[in-house]
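Observations on chain architecture
In case you want the letters, here they are:
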Protein chains: 2
Amino acid sequence: MAFSFRQVRYFIAVADAAKISSAAADLNVSQSAVTAAIKALEDELEARLFERHPSGVTLTYEGHQFLQHARSIEATVSEATRALRRTGSAETGEVRVGLTYTVAAYFLPQILARFTRAFPGITVHMQELAREDIESGLMNGNLDIAVMLVSNLQNSLSIDSEILVRSRRRLWACADHHLVARETVSLAEIAAEPYVMLTVDEADDTAMRYWRKTPHLPKVIFETSSVEAVRSMVATGMGVSILSDMVYRPWSLEGQRIEVRPVSDEVPSMDVGLGWRRDSNLSAPARVFYEYLSLTYGGSGHGFVNAKP
Amino acid sequence: MAFSFRQVRYFIAVADAAKISSAAADLNVSQSAVTAAIKALEDELEARLFERHPSGVTLTYEGHQFLQHARSIEATVSEATRALRRTGSAETGEVRVGLTYTVAAYFLPQILARFTRAFPGITVHMQELAREDIESGLMNGNLDIAVMLVSNLQNSLSIDSEILVRSRRRLWACADHHLVARETVSLAEIAAEPYVMLTVDEADDTAMRYWRKTPHLPKVIFETSSVEAVRSMVATGMGVSILSDMVYRPWSLEGQRIEVRPVSDEVPSMDVGLGWRRDSNLSAPARVFYEYLSLTYGGSGHGFVNAKP
DNA sequence: AAAATGCCATCAATTTTTCCGATATCGTGT
DNA sequence: ACACGATATCGGAAAAATTGATGGCATTTT
């Protein structure tokens, strides 16, 4: 795998012209350059592509085979440039986006900067809403699209979704916590510790769903809708929690370090994704927004967003 | 279209590594080479593909777009090399081919030399036969495949065909013939001239088919099954004829020149193609033969085989 | 027959591209 | 403030591509 586009271009030109010399004229290069390029290509492929005659050249069987691929390469390449030229930065319009709390706080801000740079003509109206308000907003047309925790979607019959990133949920504990010494920690062990429960975005419902699969229950000493509150309490050693990597930062507000450890029991990941009304024709700007996020996140491998270790 | 495959490789490596420096390490080149290549690619595409951060680089929207194309380019290229490696020259076996006269004389010989070189393990048994014998041979299994004038096929219900080359039929006349002065010539004008009728491969039947669409009839002064005979008679000015470019040669046996002129009325082209029994599973060597011809001729554009002027 | 033509292969010199290694720069974390 | 890890930049070195001229070969023209 080492030949160049230049060689492919020359090859196609020669195949079309059936003469190296006139192909060279078409390409505005010298005949010897084309001869050399074809020869290098043949060496590279270890195949004779042309038969040389006194009146020109003709494709061999292998040459015909390669010609088809060559044309396909040419088409792919020109498509690649063509597609970029019409980059949608000329798109204009508005898109109304509903966000759930976590997404608004931890996921979208970085992306939005890039989006607005790529599509300066598109105004993004963002609204942080509870899940049920987002769902009804999508249904009654007040929202074009939503970025939310799709695993929490209730009305999945009428609302389509696509996962953008999965974020692992892991145990948070302060740096000198005895559980931090362990490689992994089980829910049973966590059940013995004081637990700080986050309540935004139905995190408590989600948590109870996996706790209920065990004989244990977390010793909830505090419930809060503030991630920063959880962070502070964990950092000071008042308790532990299980939260997604997406909201993880190693340092709490007060500067104390928080460590994370994987949970050995099955804990579902937090899935951030796009939601939209199933039968809606997305508006052009909404479609651009959708494709931007889908490409930017979905494209890069459906992997996990990882916090440090 | 001017970026290079090298740039695409580097781009993919950087996109995967998310760091120019580690991508450079993967590629066994220096970091500055990769930086330069990416920059050149961005200049070429007139688009920013990466955002540079102190911790590495991330794809922009355009970068994500281009990454998809880049992967497709990479796949296309590697497919192109991979396909060539497994060139079927290891195929062995026999294939029984029926040929009609014109094909045997004017079409196949050049190709066969190449075919036997590309597939030395395949023995080609060729038999020149009349059309009806070919058709029955295909049906009763005495022939695997045929190269013939497919426009003459009778049993087209049971025999499939594929056109390889279309060869235009034009007026042949000696160099000093008065019709040669014209750009194009009508059948009405030709009807006034003495005509030499070729009878091989049902050429006479075909000829009568288009003559009958006019109020005229050719003044047939001579019928022959030899193309060389027609050529000689035309060259010496004894008559004119309408024959396909495939059998055209500018010089007759005696060294006199023959000119061709397009006919303004509609005259069907001579279609040489492959024929095989519709419900037959072609043997492996027959399939190779089929694909070789199909690729060698069908591939190059279904165009006309042109005689010089 | 001989000369001319049109074609591709080859070669050395030159130009262009690519690469390297060192250095500059920038932002973050310590 | 400082070190660290990342990208950007620069001049010189190396490699690749290109050129223009030359030669061989087969066909066409004289």
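Residues numbered from 1 in each chain as written. Chains lettered and ligands numbered in written order. Predicted model: local features only at pLDDT ≥ 70, side-chain atom pairs only at ≥ 80, totals over all residues. Heavy atoms only, no water.

1. Some remarks on the sheet that holds strand S10 (residues 241–244) of chain A
In any sheet, the strands associate via hydrogen bonds between backbone groups, in a parallel or an antiparallel arrangement. Residues and elements named next belong to chain A. Put simply, the test is: When DSSP finds at least two bridges between two strands, those strands are taken to pair. Secondary structure follows DSSP: runs of H or I at least 4 residues long count as helices, runs of E at least 2 residues long count as strands, and numbering of each begins at the N terminus. Every angle, taken between N-to-C directions, lies between 0 and 180 degrees, and every axis is a line fitted to C-alpha atoms, over only the stretch in contact when it is a helix. Here, two residues are considered to be in contact whenever any of their heavy atoms come within 4.5 Å of each other.
The three strands are arranged S10-S7-S11 in an open sheet whose pairing can be described as antiparallel. A strand with exactly one partner marks an edge of an open sheet, and here the two such strands are S10 and strand S11 (258–261). Taken pair by pair, the neighbouring strands of this sheet meet at an average axis angle of 45 degrees, ignoring direction. Here strand S7 (residues 169–174) runs beside S11; their pairing, made up of four bridges, is antiparallel. Directly across from Cys 174, in S11, lies its bridge partner Ile 258. Together, S7, S10 and S11 form the strand contacts of helix H9 (residues 227–235), whose direction differs from that of S7 by roughly 50 degrees.

2. Quick word on the protein's contact with DNA strand C
This is how it is decided: Only heavy atoms are used to decide nearness, and a residue is near a molecule or strand if one of them lies within 4 Å of it. Think of a polar contact as two N or O atoms within 3.5 Å of one another; within protein, one of them needs to be a possible hydrogen donor and the other a possible acceptor, and neighboring residues in sequence only count if both atoms come from side chains. Amino acid classes used here: Ala, Val, Leu, Ile, Met, Phe, Trp, Tyr, Cys and Pro are nonpolar; Asp, Glu, Lys and Arg are charged; the rest, including Gly, are polar.
Near DNA strand C, the surroundings consist of 20 residues, among which Lys 19, Ile 20, Lys 39 and Arg 52 of chain A together with Ser 30 of chain B are the closest. A share of 75% is what sugar and phosphate atoms reach among the atoms of DNA strand C within 4 Å of the protein. In the model, a phosphate oxygen of DNA strand C is placed 2.7 Å from a nitrogen or oxygen of the Lys 39 of chain A side chain. Here a phosphate oxygen of DNA strand C and a side-chain polar atom of Arg 6 of chain B are 2.7 Å apart. Among the secondary structure elements, those contributing two or more residues to the surface near DNA strand C are helix H2 (20–27), helix H3 (31–45) and strand S2 (56–59) of chain A together with helix H1 (5–17) and helix H3 (31–45) of chain B. In terms of residue class, the surface near DNA strand C is made up of seven nonpolar, nine polar and four charged.

3. Focus on the relation of the copies chain A and chain B
This is how the line gets drawn: Least squares is the method used to superpose the copies, on C-alpha atoms of residues holding a pLDDT of at least 70 in both.
Structural alignment of chain A on chain B gives an RMSD of 0.7 Å, achieved by rotating through 178 degrees and translating 0.0 Å along the axis. Considering both components of the superposition, the chain copies are consistent with a two-fold axis. Here 100% of the interface residues in chain A have copies in chain B that are interface residues too; the copies meet face to matching face.

Interpretation in functional terms is not warranted from these geometric data alone.
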